[in-house]
Amino acid sequence: YAIGEIVLVVIGILIALQLNNLNENKKNDVFEKEILSQIQENLKTDKLALKEIELNFMKAISSSKKILNTEESQKTEDSIKIWLGSIIQFDRFQPLTNAYEVLKSNGLDRISNKQLRFLLGKYYDDESLRMIKSTNDIEIAFNDHWIPILFEETVEFEFKKSVELKDYSVLLKSSKERNILKLSRDNYSSGINKIKSGISTIEKIQNLIGKEIK
């Protein structure tokens, strides 16, 4: 009789533990889906911002090439004015990390998909930092290189739209201004590669999250 009671007690404990584990698993599943849904929303906002920056970078690269390929004798002041508006500018990027920080504080292992865990770390702890630095580098170049030119050489300046210089010929021959233009083009080219990579990672993450929260 005593042995039977012990067996019943043990069975009761095992059942309680199993129920507790089921409840914990259920809570983890709910948390995982909720946090992934929040991350999905954050990534959607990041992607929109990065797409806009990517477009601006592409315009800047294209405009730089047009100016660098323009002959000094050509009368293209009106075009150069618009092209410079695309070049002499900057964007700022700050990813939304609130949901990811909540996940990190609870443990990345709360995400059951290993590939998804890897990609989240890749984007938030690596690629987003590279993209922030790339946009910061262009802003630094704007402040250090272009601002002095804008103060000294500009007749009219409308941010991201147009830059009217006193003399456009400085950009069409060997000069400090032309060298800055080349450096700017290279900065944009480097930045766009990082942004394209970041957007690609976002899209992979979004695809995996979509499957996980179905």
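Higher on the page you've got the structure.
All of the points below concern the structure found in this document. (Residues numbered from 1 in each chain as written. Predicted model: local features only at pLDDT ≥ 70, side-chain atom pairs only at ≥ 80, totals over all residues. Heavy atoms only, no water.)

Here we take up empty space enclosed by the protein. Under the criterion given, the structure shown has one cavity of 30 Å³ or more. Estimates place the volume of the largest cavity at around 40 Å³. Around the largest cavity, the lining residues are I87, Q89, I138, A141, F142, W146, S184, N187 and Y188. Listing elements by their share of the lining of the largest cavity, those giving two or more residues are helix 4 (114-153) and helix 5 (176-212). For the lining of the largest cavity, the element with the highest residue contribution is helix 4, accounting for four residues. When the residues that make up the lining of the largest cavity are grouped by side-chain class, the tally is six nonpolar, three polar and no charged. (1 Å grid on protein atoms, 1.4 Å probe; cavity = no way out; pocket = protein on both sides within 12 Å on 5 of 7 lines; lining within 4 Å. Points joined across faces, edges and corners; volume = space filled by probe spheres on them. Helix = DSSP H or I, 4+ residues; strand = E, 2+ residues; numbered from the N terminus. Nonpolar A, V, L, I, M, F, W, Y, C, P; charged D, E, K, R; others polar.)

Close contact between helix 4 and helix 5 brings their axes to 9 Å; oriented N to C, the two are set at 160°. One way to sum up the angle between helix 4 and helix 5 is to call them roughly antiparallel. As for how helix 4 packs across helix 5, the hand of that crossing is left-handed. Considered class by class, the residues forming the contact of helix 4 with helix 5 number 18 nonpolar, nine polar and seven charged. (Axes fitted to C-alpha atoms, helices over the stretch in contact; angles between N-to-C directions. Parallel < 35°, antiparallel > 145°, perpendicular 65-115°, else oblique. Left-handed = near helix turned anticlockwise from the far one by under 90°.)

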